[in-house]
Amino acid sequence: MAFFQLGLRRAAVQLSRPSVFCARAAFKVSHQQSPASTILKLVSQARHTQSRNYATQKVQESPLSKLATDIAKPASSDKSEKKSSFPETSSKSVAYWLLASAASVFGIVIFGGLTRLTESGLSITEWRPVTGSLWPGSQEEWESEFEKYRASPEFKMLNSTMNLHEFKQIYFMEWTHRLWGRFIGMSFVLPTIYFIARRRVTPRMACTLVGISALIGFQGFIGWWMVKSGLKDDLFAPGSHPRVSQYRLAAHLATAFVCYSWMLLAGLSILRTHKAIKFPEQAVKNFTALQSPALRVLRGSVAALTVLIFTTVLSGALVAGLDAGLIYNEFPMMGNGLAPPKSELLDKFYSRHEDGSDLVWRNMLENPSLVQLDHRILAITTFTAVCALVAYSRSGKVKAALPPAARKGITGLLHLVSLQVALGISTLIYMVPIPLAAAHQAGALALLTGVLVAGQRLRIPKATLAMAQRRLAQLAQQAKT
């Protein structure tokens, strides 16, 4: 019996503490039993305890694996923090800043038109992005600027009798236009850096702001590229009126319109998202209504109308660049008919190839008579398209499915296009007076604004819809609790 007790004590030392306790307890309880049965029970309990401890050790991590896990956890949490460092929605202050920037671009477009109408755009003959923002402060500096202008074709052919006082007037117009452009660039680029650095915008909006900033810089380059075309004799036909290239003028105006539209839509999208989150039930209802198949054709028609209006604007830029509004100052007639003679519309004078392969497109872009006729056709087509769109929006299923905000946007287009047609005809009949011409250019941008707003109200932003649905589910959950 002493031999068995000695063996059991050695086994107890090798087992874990709980096993020792169980072995001793079992031995005390069963010391009255036979030695063989006692040994079998103790061995069975020892095996069971070892298997249980082995399973526990298998589940538990080793020290190295535990250290690796601890090191990986902060990295994964940092990664999640990086992913969530940008907000889900952009700040409303960003939206107001974008709309203010769009208003500033609207203003500079109108002032740029005034600069062109007063023939002030060629008064500054150099492009100095930094030092050019300084106003000439001494008589010597004024004489230097005036001497540079005297070397330009415009002075030699049109303003040879201009004195220094008259030069200061046109210089002020162009200098203000350029300074305004610099202000728009600085007031957009610097806040863009701030909003992105402070994580006040979503990643997508951050890319939008960077894209607009790049477009503003590109617009400054196009502006000088346009002015440069009126400073050299070899860039326009000999003996013709010194003016900037109508192609470059159209590119300059188109870039300004794109920049304005981009700012406007970005700002409106942020405000729309915040409104949807604030009133999720109404937002989900409106978005559900916009998903109606009856509005599919209307949505596509508004997109096509946007392209048509933008094309008409570019046609107007060609009219302005060629001074085509100074001929055929009557409406709807052009001379003895609704259109000039074919020989005048397709004049071989504008063709540069002997085979006449460029006859049609060069007349469409360089012949003042055909350019004005094209603009008339596009303007009448735009007016007709808007009227048809408004009539379609008030028909049957479309009227029933159209949300009130979208209906108001489409109705507003009819008012804007009517005003724009009246301004255009008045500008033509009165031979392009400066106030009417500037108002006509403003009307074009206002009409584009109207169609963009209408299209934005018809669009279904999936991300905004998802956020509104989540917000609505949260409110429903809070109501239950």
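Source: prediction; values computed, not measured. (Residues numbered from 1 in each chain as written. Predicted model: local features only at pLDDT ≥ 70, side-chain atom pairs only at ≥ 80, totals over all residues. Heavy atoms only, no water.)

Trainee: Mind showing me how you'd approach the overall build of the protein chain here?
Mentor: Scanning the protein chain for helices and strands turns up 19 helices and zero strands. Counting only residues that meet the buried cut, the protein chain has 40% of its 481 residues in that class. Residue pairs in contact within the protein chain that sit at least 24 positions apart in sequence constitute 77% of those at least 6 positions apart. Summed over all atoms, the accessible surface of the protein chain reaches about 27300 Å², with 64% contributed by carbon and sulfur. (Helix = DSSP H or I, 4+ residues; strand = E, 2+ residues; numbered from the N terminus. Buried < 20%, exposed > 50% of the residue type's maximum accessible area, 1.4 Å probe, protein only. Contact = heavy atoms within 4.5 Å. Areas by Shrake-Rupley, 256 points an atom, 1.4 Å probe, with all protein chains shown as cover.)

Trainee: Explanation requested: the packing of helix 9 (residues 203–228) against helix 10 (residues 246–278) in the structure shown.
Mentor: Between two packed helices, what matters for the description is the angle formed by their axes and the separation of those axes. Two elements in contact, helix 9 and helix 10, have axes whose closest approach is 9 Å; the angle formed by their N-to-C orientations is 160°. Judged on the interaxial angle alone, helix 10 and helix 9 are roughly antiparallel. Read as a crossing pair, helix 9 and helix 10 show a hand that is left-handed. Of the residues in the contact of helix 9 with helix 10, the class split is 16 nonpolar, seven polar and one charged. (Axes fitted to C-alpha atoms, helices over the stretch in contact; angles between N-to-C directions. Parallel < 35°, antiparallel > 145°, perpendicular 65-115°, else oblique. Left-handed = near helix turned anticlockwise from the far one by under 90°. Nonpolar A, V, L, I, M, F, W, Y, C, P; charged D, E, K, R; others polar.)

Trainee: Any chance you could explain the side chain of Asn 363 here in plain terms?
Mentor: By the secondary structure assignment, Asn 363 is in helix 14 (residues 359–366). For Asn 363, a relative accessible area of 0% translates into the label buried. Discounting residues that sit within four places of it in the chain, Asn 363 has contacts with Leu 345, Leu 346, Asp 347, Tyr 350, Leu 370 and Val 371.

Trainee: Help me understand the UniProt feature "transmembrane region" (unreviewed entry) in the protein chain, please; the structure alone is not making it clear to me.
Mentor: Those places that UniProt annotates as "transmembrane region" (unreviewed entry) correspond, in this numbering, to residues 94–114, 179–197, 209–227, 247–271, 302–328, 373–392, 413–432 and 438–455. Taken as a whole, residues 302–328 contains 74% helix and 0% strand, while its terminal C-alpha atoms sit 32 Å from one another. Helix and strand shares over residues 373–392 are 100% and 0% respectively, and the end C-alpha atoms of the span are 28 Å apart. (UniProt positions renumbered as here; feature names shortened; annotations may be inferred.)

Trainee: Is there a simple way to explain the packing of aromatic side chains in this structure?
Mentor: Think of a pair of aromatic rings as described by two things: how far the centres are apart, and how the planes are tilted against each other in angle. This structure, assessed with the given rule, holds 19 aromatic pairs. Centre to centre, the rings of Trp 97 and Phe 195 are 5.2 Å apart; their planes meet at 55°, and the pair counts as tilted. Within this pair, whereas Trp 97 is found in helix 5 (residues 92–117), its partner Phe 195 is found in helix 8 (residues 164–197), the two being separated by 98 residues in sequence. Overall, Trp 97 belongs to the buried group, its relative accessible area being 13%. When the centroid spacing of 5.1 Å and the interplanar angle of 85° are considered together, the rings of Phe 349 and Tyr 350 count as edge-to-face. Its relative accessible area of 64% is what places Phe 349 among the exposed residues. Across from the ring centre of Phe 86, 4.3 Å away, lies the NZ or CZ of Arg 199, which sits over that ring. (Phe/Tyr/Trp six-rings, centres within 6.5 Å; stacked < 30°, edge-to-face > 60°. Lys NZ or Arg CZ within 6 Å of the ring centre and 35° of its normal.)

Trainee: Would you mind showing me how to read the environment of Trp 135 here?
Mentor: Relative to the helices and strands, Trp 135 resides in the loop between helix 5 and helix 6 (139–150). Along the primary structure Trp 135 and Phe 172 are separated by 37 residues, whereas in three dimensions their C-alpha atoms are 8.9 Å apart. Residues contacting Trp 135, with those up to four places away along its chain left out, are Glu 141, Trp 142, Tyr 171, Phe 172 and Trp 175.

Trainee: What is the right way to look at the environment of Glu 145 in this model?
Mentor: For Glu 145, the location among the structural elements is in helix 6. The class of Glu 145 is buried, set by a relative accessible area of 7%. Put simply, Glu 145 and Glu 126 are 19 residues apart on the chain and 9.5 Å apart in space, counted from C-alpha to C-alpha. Residues in contact with Glu 145, not counting those within four places in the same chain, are Arg 128, Pro 136, Phe 167 and Tyr 171.

Trainee: Looking at this structure, I do not really get the confidence of the model for the protein chain. What am I missing?
Mentor: If pLDDT is low for a region, its predicted coordinates should not be looked at in detail. The share of residues in the protein chain with pLDDT of 70 or more is 81%, and the mean pLDDT across the chain is 84. Confidence drops under pLDDT 50 across residues 53–82; counting only partners more than four residues distant or on other chains, this segment forms four contacts. (pLDDT = per-residue confidence, 0-100.)

Trainee: Mind showing me how you'd approach the pattern of salt bridges here?
Mentor: Note on pairing: side chains with opposite charge can pair once their charged atoms come close. For the coordinates displayed, the defined rule picks out 10 salt bridges. A salt bridge links Arg 362 to Asp 358; its shortest N-O distance comes to 2.8 Å. Note on Arg 362: relative accessible area 12%, which makes it buried. Judged by relative accessible area, Asp 358 falls into the buried class, the value being 1%. Residues Glu 366 and Arg 362 are paired through a salt bridge, measuring 2.8 Å at the closest nitrogen-oxygen approach. Here Arg 362 and Glu 366 lie together in helix 14, a separation of four residues that amounts to about one turn. Take Glu 366: its relative accessible area is 12%, and that puts it in the buried class. (Salt bridge = Lys/Arg side-chain N within 4 Å of Asp/Glu carboxyl O.)

Trainee: How do you make sense of a nonpolar patch on the surface when you look at a structure like this?
Mentor: Together, Trp 127, Phe 218, Phe 221 and Trp 225 make up an exposed nonpolar region whose accessible area comes to about 420 Å². Of note, Phe 218 is situated in helix 9. (Patch = residues over 30% accessible without salt bridge, like charges linked within 9 Å, V, L, I, M, F, W, Y side chains within 5 Å.)

Trainee: How should I be thinking about unusual backbone geometry in this particular structure?
Mentor: It is generally the case that most residues other than glycine have a negative phi and that most peptide bonds are trans. The residue after Phe 331, namely Pro 332, is reached through a cis peptide bond having omega 5°. Here Pro 332 shows up in the loop between helix 12 (296–321) and helix 13 (342–345). Even without being a glycine, Asp 323 presents a positive backbone phi close to 55°. By the element assignment, Asp 323 lies in the loop between helix 12 and helix 13.

Trainee: Hey, could you run me through the packing of helix 5 against helix 18 (residues 434–458) in this one?
Mentor: Taken N-terminus to C-terminus, the directions of helix 5 and helix 18 make an angle of 150°; their axes are 9 Å apart at the nearest point. When the axes of helix 5 and helix 18 are compared, the crossing they make is right-handed. Residue-level inspection shows Phe 106, Val 109, Ile 110, Gly 113, Leu 114 and Leu 117 of helix 5 in contact with helix 18, the latter providing Ile 434, Ala 437, Ala 438, Gln 441, Ala 442, Leu 445 and Ala 446. The residue makeup of the contact of helix 5 with helix 18, split by class, is 11 nonpolar, two polar and no charged.

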